[in-house]
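# Chains, contacts and geometry: an overview
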Amino acid sequence: MQLWQKITVFSSLILLPLSASAVPVTDEVDIGGAVRVNYGWKDYDDNSKLEFELFRADVNYKSKDGLFASAQYRWYENMDVVHHAYMGYQFDEAQSVQVGVTQVPFGLLPYAAHSFWFGATYYLGFEDDYDAGIHYKNEQDGWRYDLAYFVNDEIGDGSNYDRYSFDVATTATSPYEEAGQINARVEREFTSGEVTHKLGGSLQYSQLDFMADAATVVGEDTNGLAAAAHWQLDWKQWQLQLQYIHYDYDIDNSERVALSAFQYPFEIAAEADVATVNIAKAFDVDWGPITNVNFYNDYSQVMASGQGLDDSIQNVTGVAITAGKFYSYVDWIAGKNMWFVDGPGVGINNGDTAWHSRLNINIGFYF
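A brief structural summary. The structure displayed is predicted, hence computed values, not measured ones.

What follows concerns the pattern of salt bridges. Counting across every chain of the model gives 14 salt bridges. Of the charged contacts, one joins Glu51 and Lys49 as a salt bridge, the two residues approaching to 3.9 Å between their closest N and O atoms. Take Glu51: its relative accessible area is 26%, and that puts it in the partly exposed class. Overlapping salt bridges bring together Arg144, Asp146, Arg185 and Glu187 as one network.

What follows deals with the nonpolar core. One finds Tyr123, Leu124, Phe126, Tyr247, Tyr249, Ile268 and Val346 to be the most contacted residues of the largest nonpolar core, which totals 55 residues. Setting aside residues no more than four positions away along its own chain, Ile268 makes contact with Leu124, Tyr247, Tyr249, Glu255, Arg256, Val257, Leu259, Val346 and Ile348.

The next point concerns the sheet that holds strand E19 (residues 345-346). Ordered in space as E8-E13-E14-E19, the 4 strands form an open sheet in which the pairing is mixed. Of all strands in the sheet, those with a lone pairing partner are strand E8 (167-168) and E19, marking the two edges. As paired strands, strand E14 (residues 264-269) and E19 are joined by 2 bridges and run parallel to one another. Bridge pairing in E19 links Ile268 to Val346.

What follows deals with a nonpolar patch on the surface. A cluster of nonpolar side chains, Val35, Val37, Leu50, Phe52, Phe55, Trp75, Phe326, Ile363, Phe365 and Phe367, forms an exposed patch at the surface whose accessible area comes to about 870 Å². Contributing elements (two or more residues each) for the nonpolar patch: strand E1 (28-42), strand E2 (49-62) and strand E20 (355-366). When residues in the nonpolar patch are grouped by element, the largest group, 3 residues, is from E2. You can see Phe367 is positioned in the segment after E20.

What counts and what doesn't
- Residues numbered from 1 in each chain as written.
- Predicted model: local features only at pLDDT ≥ 70, side-chain atom pairs only at ≥ 80, totals over all residues.
- Heavy atoms only, no water.
- Salt bridge = Lys/Arg side-chain N within 4 Å of Asp/Glu carboxyl O.
- Buried < 20%, exposed > 50% of the residue type's maximum accessible area, 1.4 Å probe, protein only.
- Core = buried A, V, L, I, M, F, W, Y, C linked by side-chain atoms within 4.5 Å.
- Contact = heavy atoms within 4.5 Å.
- Pairing = 2+ DSSP bridges.
- Helix = DSSP H or I, 4+ residues; strand = E, 2+ residues; numbered from the N terminus.
- Patch = residues over 30% accessible without salt bridge, like charges linked within 9 Å, V, L, I, M, F, W, Y side chains within 5 Å.
- Areas by Shrake-Rupley, 256 points an atom, 1.4 Å probe, with all protein chains shown as cover.

Rendered as structure tokens:
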């Protein structure tokens, strides 16, 4: 069964509760979505334009008996993709389980950034990543525990680059595919005066299959390991996020591995350390329809050392604006040797590691 057929069947199952004869009045079904447009100005080309960026559809279901489901599908200008699609059961107030394409519990959650562009961790597959598997969560007494197993990425095909999440890609020179992953995460939330802390750690072990039929190089099945320490501090309307990640893909005869998303494969350092330092301050305002503005600076650096490797840096300074059902970002993105800001990849050196920047304005209507 093709992916689109699976999504159609799953969405149909979720939509069944819409039948008045099938759904108790205590069940909840929410259907929504978003439409976004985007303007980008780049200092490295003259292709600035205002364009359609996304239309998305959301379905969320919750029953009085503890069953729940959620799905989101996205249509971009040049591709359409599943964002997430899972069903689950809430055992009690603390424990739940999700099965399907669900968020990987790793690092700062739900995001290690405030901007539309996220941080370097997103482009490395360690932020807002969704894979296919089962995820158990337990939240009680200020503790949160996550344990998950993912059979494969959300598509199950490393050679398909039409995807939202950044996953290991199958290319001729880096012919690997995600083939099993275990995630464990623990976080402690506590309050000291007016300050709330979320302090935690994450581990990820992944298996990679070597796709010999797509290879122009010699290799074999291998694995990857990642660990993170993370801390979020909230005080009044300030927020500080700190995170440190070390990851290592054990790739034979190479210091690089390929990832892909948004139709393109690219290379990253097979081993690196990643530091994230984000700060944000929100203000409630009364500026006509605008009710809240959130100013932020998100900084992330990928530290790789080795032949053909170099550090990558991304810094995003911006503001998120809330006005009714509109939510918009105005971001100035500066990147050194950073993919999406005219870099060849993340943590690699192909001869040009200069700084580049772009202005990005994204206006979204969420319904």
